[in-house]
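Residue-level structure breakdown
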Amino acid sequence: MGAQALPAIHELDDQQWSEDLGRCPGATFFHTGPWLAAVSQAFGTRVERMRFELGRGRWALLPLSIRPLARGLLPLAVAGETGSYGGLVAPEPLVDDEATACFDAVRTRFPNLQVVGNPFAPGPHLPWAATATGVQDESTHLLLVKPLPELRKGFSRGAKARGNKARKLGLTLAVRSDVDAVATFYPLYEDSVRRWGDKLTWPRSRGFFEGLLAHGAPDVHFLFAHEPSGDAVSALLLAGYGPVVHYLAGATRADHLEACPSNFLMEEALARAAAEGRQFFDFGASNGLAGVIQFKESFGATAAPYYSVSRRTMAGRAYFLLRAPVAKLSAWRTTAS
């Protein structure tokens, strides 16, 4: 197929976006209005919901988060803010020329573009892989959802033992999707952040979690593990969309790690996913952390690769080169405080 003309772009409102997104098999929670609204609220970005008209009744969608870098003089368009899944989704798989034409059309408006891949989208959705700067290999871990007794057959011996131990210690489950649940979760998260140290990929603010619940509940919800005294000692934040449940965040009090509450919660999350008729449980990216990968694989999850690319102008490359030491220092101060 020859080079394709640049497609027309229409920006959709919330309702039309939601309707069209529901027709795209590869769409994830990270393409939805609630996620985009929460990210925009937390980070001050502008959201654009783009629909590309490809001809012959074919079309594709791309949500973008526009960061106003250099006081708005150097906007960066991000498909996959915070490292979440981005990229094109469509009712039918796209061909290479269609995907390239869509992104070329975006770059006529936003020359600096960063796109994170999506392991759930069929077909080529990230062009320029051979020529783009900043190509990165990524991977998540996925588990095909089945009833929990069947899933447990694929758990490692250690995972089974830890789950059994948690139940014997009397941990109980609470499911919450109210914004006030963040007040229970955030102290657990802060405790975990101190323990993770420089292994933390990026610090999440309390407002970020509040925005997710405000815009995404009840599809976004917490699972809490409570000890017999009633104290919450561990939590998972999950989001369901279509056939997938995504793990968004988790935290456990350091003084309760021996009770294995994260294993207890993961089993509860998998049981709920099966009851809801979901197809996949998405554990999320591990950022190369061996212990995190081992935990996910102990439940039988397997790696699912994808990649991300960036295209930047000379001015864009210079901006990020100059900002890198400042960003590193800012992140260190945030995690040390």
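Quick look at the structure, then. Bear in mind that the values here come from a model prediction, so they are computed numbers and not experimental data.

Viewed as axis vectors pointing N to C, helix α5 (residues 157-168) and helix α8 (residues 261-275) meet at an angle of 100°, and their least axial separation amounts to 8 Å. Classified by the angle between their axes, α5 and α8 sit roughly perpendicular to one another. Seen from α5, the contacting residues are Ala159, Arg162, Gly163, Ala166 and Arg167; seen from α8, they are Asn263, Phe264, Glu267 and Glu268. Split into classes, the residues belonging to the contact of α5 with α8 amount to three nonpolar, two polar and four charged.

The next thing to look at is empty space enclosed by the protein. For the structure shown, the criterion picks out one cavity of 30 Å³ or more. Reported here for the largest cavity is a volume of approximately 80 Å³. Mapped onto the lining of the largest cavity, the elements with two or more residues apiece are α2 (33-43), β3 (58-69) and β4 (74-79).

Summed over all chains, the structure comprises 25 aromatic pairs. Where Phe29 meets Trp35, the ring centres are 6.0 Å apart and the plane angle is 65°; that geometry is what we call edge-to-face. No difference in accessibility class separates Phe29 from Trp35, as the two residues are buried. We note Arg51 situated over the ring of Trp59; from NZ or CZ to the ring centre the distance is 4.3 Å. Across the ring face of Phe320, the terminal group of Arg312 is positioned such that the distance to the ring centre comes to 3.9 Å.

Moving on: helix α1 (residues 14-21). Listing the buried residues of α1 in full gives Trp17, Asp20 and Leu21. The buried side chains of α1 occupy one side of the element, clustering within an arc of 100° when seen end-on. Buried residues in α1 make contact with α2, β2 (46-55), β3 and β9 (232-241).

With respect to the element layout, Ser84 can be found in the loop between β4 and α3 (96-109). According to the relative accessible area criterion, Ser84 is buried, its value standing at 7%. A polar contact of 2.8 Å, which involves the side chain of Ser84, links it to the backbone oxygen of Glu81. Beyond its immediate stretch of four places on either side in the chain, Ser84 contacts Phe30, Trp35 and Val116.

On to α3, then. Side chains that are three or four residues apart share a direction in an α-helix, a result of its 3.6 residues per turn. Across its 14 residues, α3 extends 21 Å between first and last C-alpha, which sits within 8% of the 20 Å expected from 1.5 Å per residue. For α3, the set of buried residues is Glu98, Ala99, Ala101, Cys102, Phe103, Ala105 and Val106. Along its buried surface, α3 packs onto β1 (8-11), β2, β3 and β5 (112-116).

Calculation criteria
Residues numbered from 1 in each chain as written. Predicted model: local features only at pLDDT ≥ 70, side-chain atom pairs only at ≥ 80, totals over all residues. Heavy atoms only, no water. Axes fitted to C-alpha atoms, helices over the stretch in contact; angles between N-to-C directions. Helix = DSSP H or I, 4+ residues; strand = E, 2+ residues; numbered from the N terminus. Parallel < 35°, antiparallel > 145°, perpendicular 65-115°, else oblique. Contact = heavy atoms within 4.5 Å. Nonpolar A, V, L, I, M, F, W, Y, C, P; charged D, E, K, R; others polar. 1 Å grid on protein atoms, 1.4 Å probe; cavity = no way out; pocket = protein on both sides within 12 Å on 5 of 7 lines; lining within 4 Å. Points joined across faces, edges and corners; volume = space filled by probe spheres on them. Phe/Tyr/Trp six-rings, centres within 6.5 Å; stacked < 30°, edge-to-face > 60°. Buried < 20%, exposed > 50% of the residue type's maximum accessible area, 1.4 Å probe, protein only. Lys NZ or Arg CZ within 6 Å of the ring centre and 35° of its normal. Arc of directions from axis to C-beta. Polar contact = N/O pair within 3.5 Å; in protein donor to acceptor, adjacent residues only side chain to side chain. Expected span 1.5 Å × (residues − 1).

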